[in-house]
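Now for the letters of each chain:
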Amino acid sequence: MSPTSPASPARTASPARAESPKSPASTRRLTTAQALVAFLARQYTERDGRRQRLISATWGIFGHGNVAGIGQALVEAGHGGNGTAHRMPYLQGRNEQAMVHAAVGYARQSGRLSAHAVTTSIGPGATNLVTGAALATINRLPVLLLPGDTFATRPADPVLQQLEVPYAGDVSVNDCLRPVSRYFDRITRPEALIPAALQAMRILADPAETGAVTLALPQDVQAEAYDWPEEFFAERDWHIRRPAPDTYELETAVRAIRSARRPLIVAGGGVRHSAAEETLAAFTAATRIPVASTQAGKGALRHDHPADVGGIGHTGTATADELARTADLVIGIGTRFSDFTTASGTLFADPAVRFLHLNITAFDAHKLAALPLVADARAGLEALTAALAGRGYRVDPAYETEYTGAKEAWEERVEASFATPAPTARPTQTQVLGLLDTLVTEEDILINAAGSLPGDLHKLWRTRSRDQYHVEYGYSCMGYEIPAAVGVLLATGARSQEHRPVWALVGDGTYLMNPTEIVTAVQENLPLKLLILQNHGYASIGGLSASVGAERFGTAYRHRDPDGGFTGPPLPVDLAANAASLGLRVLRATTVDDLRNALSEARDAEGPTCVYVETETPDTVSGPPPAQAWWDVPVAETASRPAAVKAREEYDRQVAARRRHL
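What counts as what
Residues numbered from 1 in each chain as written. Predicted model: local features only at pLDDT ≥ 70, side-chain atom pairs only at ≥ 80, totals over all residues. Heavy atoms only, no water. Helix = DSSP H or I, 4+ residues; strand = E, 2+ residues; numbered from the N terminus. Rg over C-alpha atoms; globule rule 2.2 N^0.38 Å. Buried < 20%, exposed > 50% of the residue type's maximum accessible area, 1.4 Å probe, protein only. Contact = heavy atoms within 4.5 Å. Areas by Shrake-Rupley, 256 points an atom, 1.4 Å probe, with all protein chains shown as cover. Lys, Arg positive; Asp, Glu negative; His and termini not counted. Charge placed at Lys NZ, Arg CZ, Asp CG, Glu CD. Pairing = 2+ DSSP bridges. Axes fitted to C-alpha atoms, helices over the stretch in contact; angles between N-to-C directions. 1 Å grid on protein atoms, 1.4 Å probe; cavity = no way out; pocket = protein on both sides within 12 Å on 5 of 7 lines; lining within 4 Å. Points joined across faces, edges and corners; volume = space filled by probe spheres on them. Nonpolar A, V, L, I, M, F, W, Y, C, P; charged D, E, K, R; others polar. Phe/Tyr/Trp six-rings, centres within 6.5 Å; stacked < 30°, edge-to-face > 60°. Patch = residues over 30% accessible without salt bridge, like charges linked within 9 Å, V, L, I, M, F, W, Y side chains within 5 Å. Salt bridge = Lys/Arg side-chain N within 4 Å of Asp/Glu carboxyl O. Polar contact = N/O pair within 3.5 Å; in protein donor to acceptor, adjacent residues only side chain to side chain. Core = buried A, V, L, I, M, F, W, Y, C linked by side-chain atoms within 4.5 Å. Expected span 1.5 Å × (residues − 1).

Chemist: Whenever I open this one, the overall build of the protein confuses me. Can you help?
Modeler: Looking only at helices and strands, the protein features 24 helices and 24 strands. At 26 Å, the protein has a C-alpha radius of gyration in line with the 26 Å of a compact globule built from 662 residues. Oriented by its inertia axes, the alpha-carbon framework of the protein measures out at about 70 × 70 × 55 Å. Residues classed as buried in the protein amount to 58% of the 662 residues present. For the protein, long-range pairs separated by at least 24 residues make up 77% of all intrachain contacts whose partners lie at least 6 apart in sequence. Surface accessibility of the protein: about 25,800 Å² in total, with carbon and sulfur atoms responsible for 54%. The positive charge centre, built from 63 side chains, and the negative charge centre, built from 72, are 3 Å apart in the protein.

Now the structure itself:
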């Protein structure tokens, strides 16, 4: 099975199947690395009758810590070695952090039902995994990390790249991965792999526990041979459960909904992970409760669904945020209720507001002192819909008229932001999005993570399908977009003739962070569509800096001035030339007409293509609407500069509205 085809046709799954009858005492002599790869190639997930490889490919960069162990095992597995037809495809990365991002993009696009492994050497190769691991765990997305580790037998101490810790001989740099992993184990003996590997698969396949899983592999143990029981290599299906809600919690939830006058749903990433979009649409059809979305939940309903009121929170729409301020019941579905969603505790302003939270984890379901409904999102919505049926609940028609009217008014603001000037003018960032909006269909996928684009997209983008909007905002990691797009392309069958257009949207700051996997896209001939918006600096943080009294210090990409600041001419950096040097076909656009043509050409391209555009500074007509809700970034309490003094006054005014929901 190839890494671009994670799923097989639907079939009835069984708990475990041995490939052929074998004696209970039958063993196979393999190295630890060979055994691990052979084991991983036989792990499957099953949900709703559909079965797919759990680990469908392995990314790797080789060094002395994994080349002779995992590297040699992947050579054999890639050619059907060790007496098996179960292959393990290999993907060549350029940066360890980027490999994890690619694996995360793949896992999200695969519905968390299929994942990738990532192998690195010891030392810097292993520590480069930390950022990607944090991103995976925060976003609840599965990835298996296999960093090399120092010798378990310690024949030489220290070895190359070993961190010496005077107070503990069993610590290595891999211990940095412990706090960002959902499961961590160091395999110091071959036989220890058996329970550790099974635990690793359990966590990866658990919808409530999943995230980064780390198996640290000492380089000597990787190459050590052992007589492995054949049962270890039997095919295993890990059933992705859909826990139903507790009867008491369900009845409590129904009573809360029936008593609500102005309820509001906040849809989070759990809706997508559970594939609950159609169930949510059926629930809203029955109740007419409006649906706002977090960054991870955008797309839970199409943008033109009557109940969809857009993004919520600091980067949300005026429609959703005004509804939030007057809601008497906030129904969270699969959200973490982060500070961007709650406007740092200032958004839900009704004195009597209550919260009901449907979430697969009890940890999240109890946030904001909510009435918990601990269940799978789809199973919970089905139960709520059935329980409310026949009880006559539906929101007041006047409330429905109110939010649909407000939605229409917001759409006019979207149109104004997207409107383009003369064909020969240079576009603003929101006008770039407007031109892309006229081009895409429900097949297109947009990927973004950091900078000013997430705010513009959350407020303005018209999401046309459940998986079109791919904005990583749990960790908001600069440099995620390009490798994640590679992962998404692999998950969508990018090598087939019916591939979907996948766009990685980046600013110049994000591009400079991590462009390395452009080379991977070129190597694999993946039809990546990279859109680079050049605005000469950190535009998002520049705006935030101005608002908190830091005067945009250190946020522009410019030469130093005589006073030591950065107000000189823009740096002569040619990102288009850089992208071309890495193998991309580059289309430069300087005007609105140029950009319209370049985007259309890139969308039709069969190979990896870049569109490069230098954006104009937005004005009051073409720029995005300002933030519709606050975000708490503490301002200096004491300062001598007027900008900071003024910013502190505004901060004190806003923070006074914050409350704890108890």
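Here the narrative resumes, following the displayed structure.
Chemist: What exactly am I supposed to notice about the sheet that holds strand 19 (residues 445-448) here?
Modeler: Two modes of strand pairing occur in sheets, parallel and antiparallel, and in both the strands are linked by backbone hydrogen bonds. Reading across from one edge, 20-19-21-22-24-23 is the order of the six strands in this open sheet, with parallel pairing throughout. Two strands close off the open sheet at either side, each with one partner strand: strand 20 (469-471) and strand 23 (585-589). Neighbouring strand axes in the sheet, compared pairwise and without regard to direction, differ in orientation by 20° on average. The sheet contact formed by strand 23 and strand 24 (residues 609-614) spans five bridges and is parallel. For Arg-588, the partnering residue across the bridge sits in strand 24 and is Tyr-612. The sheet contacts of helix 23 (residues 592-604) involve strand 21 (502-507), strand 22 (528-534), strand 23 and strand 24, and relative to strand 23 the element is tilted by about 160°.

Chemist: How do you make sense of the sheet that holds strand 13 (residues 263-267) when you look at a structure like this?
Modeler: Strand order in the open sheet formed by six strands is 15-14-13-16-17-18, and the pairing between neighbours is parallel. Of all the strands in the sheet, just strand 15 (308-311) and strand 18 (371-374) have a single pairing partner and so form its edges. On average, adjacent strands in this sheet sit at an angle of 20° to one another, irrespective of strand direction. Pairing analysis gives five bridges linking strand 16 (residues 329-333) to strand 17 (residues 354-359), with the strands arranged parallel. For Val-330, the partnering residue across the bridge sits in strand 17 and is Phe-355. Together, strand 13, strand 14 (291-293) and strand 16 form the strand contacts of helix 10 (residues 277-287), whose direction differs from that of strand 13 by roughly 170°.

Chemist: Just checking my understanding: could you explain empty space enclosed by the protein for this structure?
Modeler: To find the voids left in a structure, one rolls a probe of water-molecule size over its atoms. Using the criterion set out here, one finds seven cavities of 30 Å³ or more in the structure. Quantified by volume, the largest cavity comes out at close to 170 Å³. What lines the largest cavity is a set of 16 residues, among which His-303, Asp-308, Gly-310, Trp-410 and Glu-411 lie closest to the centre. Breaking the lining of the largest cavity down by element, the ones donating at least two residues are strand 15, helix 15 (397-418) and helix 17 (453-460). The leading source of residues in the lining of the largest cavity is helix 15, at four residues. Taken together, the residues that form the lining of the largest cavity break down as five nonpolar, five polar and six charged.

Chemist: It is not clear to me how the packing of aromatic side chains should be interpreted in this structure. Could you clarify?
Modeler: Going through the model one piece at a time under the given rule, you end up with 13 aromatic pairs. Between Trp-228 and Phe-232, the ring centres sit 5.8 Å apart and the planes meet at 20°, which makes this aromatic pair stacked. Each member of the pair, Trp-228 together with Phe-232, is buried. Residues Trp-630 and Tyr-651 carry aromatic rings whose centres are separated by 5.7 Å and whose planes lie at 55° to one another, so their mutual orientation is tilted. Of this pair, Trp-630 sits in the loop between strand 24 and helix 24 (642-655) while Tyr-651 is found in helix 24, placing the two residues 21 residues apart along the sequence.

Chemist: Can you help me understand a nonpolar patch on the surface in this one?
Modeler: Together, Phe-62, Val-67 and Tyr-90 line one region of the surface with nonpolar side chains, adding up to about 240 Å² of accessible area. Secondary-structure assignment places Val-67 in helix 2 (residues 67-78). Classification of Val-67 as partly exposed rests on a relative accessible area of 44%.

Chemist: How should I be thinking about the packing of helix 11 (residues 318-326) against helix 15 in this particular structure?
Modeler: When two helices pack together, their arrangement is given by the angle between the helix axes and the distance between those axes. In contact at an axis separation of 8 Å, helix 11 and helix 15 are set at 145° when each is read in the N-to-C sense. Residues Ala-318, Thr-319 and Leu-323 of helix 11 form the contact with helix 15, whose own contacting residues are Tyr-399, Glu-402, Tyr-403, Ala-406, Lys-407, Trp-410 and Arg-413. Tallied by class, the residues present in the contact of helix 11 with helix 15 amount to six nonpolar, one polar and three charged.

Chemist: Just checking my understanding: could you explain the environment of Gln-431 for this structure?
Modeler: As for its position among the elements, Gln-431 is in helix 16 (residues 429-437). Owing to a relative accessible area of 4%, Gln-431 belongs among the buried residues under this scheme. Measuring from C-alpha to C-alpha, the distance between Gln-431 and Arg-94 comes to 33 Å, with 337 residues separating the pair along the chain. Within polar-contact distance, the side chain of Gln-431 engages the backbone nitrogen of Thr-428 at 2.9 Å.

Chemist: Even after reading the chapter, I still don't get the nonpolar core, so can you show me in this structure?
Modeler: Soluble globular proteins tend to bury their nonpolar side chains together. Among the nonpolar cores identified, the biggest contains 53 residues, and Trp-59, Val-118, Leu-145, Tyr-511 and Leu-530 are the most heavily contacted of them. By size, the runner-up hydrophobic cluster in this structure holds 52 residues, among which are Leu-301, Ile-333, Ala-383 and Val-395.

Chemist: When you look at helix 3 (residues 96-109) in this model, what are you seeing that I'm missing?
Modeler: Given 3.6 residues per helical turn, the α-helix brings residues three or four places apart onto the same face. Taking 1.5 Å as the rise per residue, helix 3 with 14 residues should run 20 Å; its terminal C-alpha atoms sit 20 Å apart, in good agreement. Its side-chain oxygen 2.9 Å from the backbone nitrogen of Gln-97, Asn-95 forms the N-cap of helix 3.

Chemist: Any chance you could explain the side chain of Gln-43 here in plain terms?
Modeler: With respect to the secondary-structure elements, Gln-43 resides in strand 3 (residues 43-47). Judged by its relative accessible area of 0%, Gln-43 is buried. Engagement of the side chain of Gln-43 in a polar contact is seen with the backbone oxygen of Phe-39, the distance being 2.9 Å. At a separation of 2.8 Å, a polar atom in the side chain of Gln-43 contacts the side chain of Trp-238. Those residues in contact with Gln-43 that sit more than four places away from it in its chain are Gln-52, Arg-53, Leu-54, Ile-55, Met-201, Ala-234, Arg-236 and Trp-238.

So, to be careful, I would describe these as geometric facts and stop short of saying anything about function.
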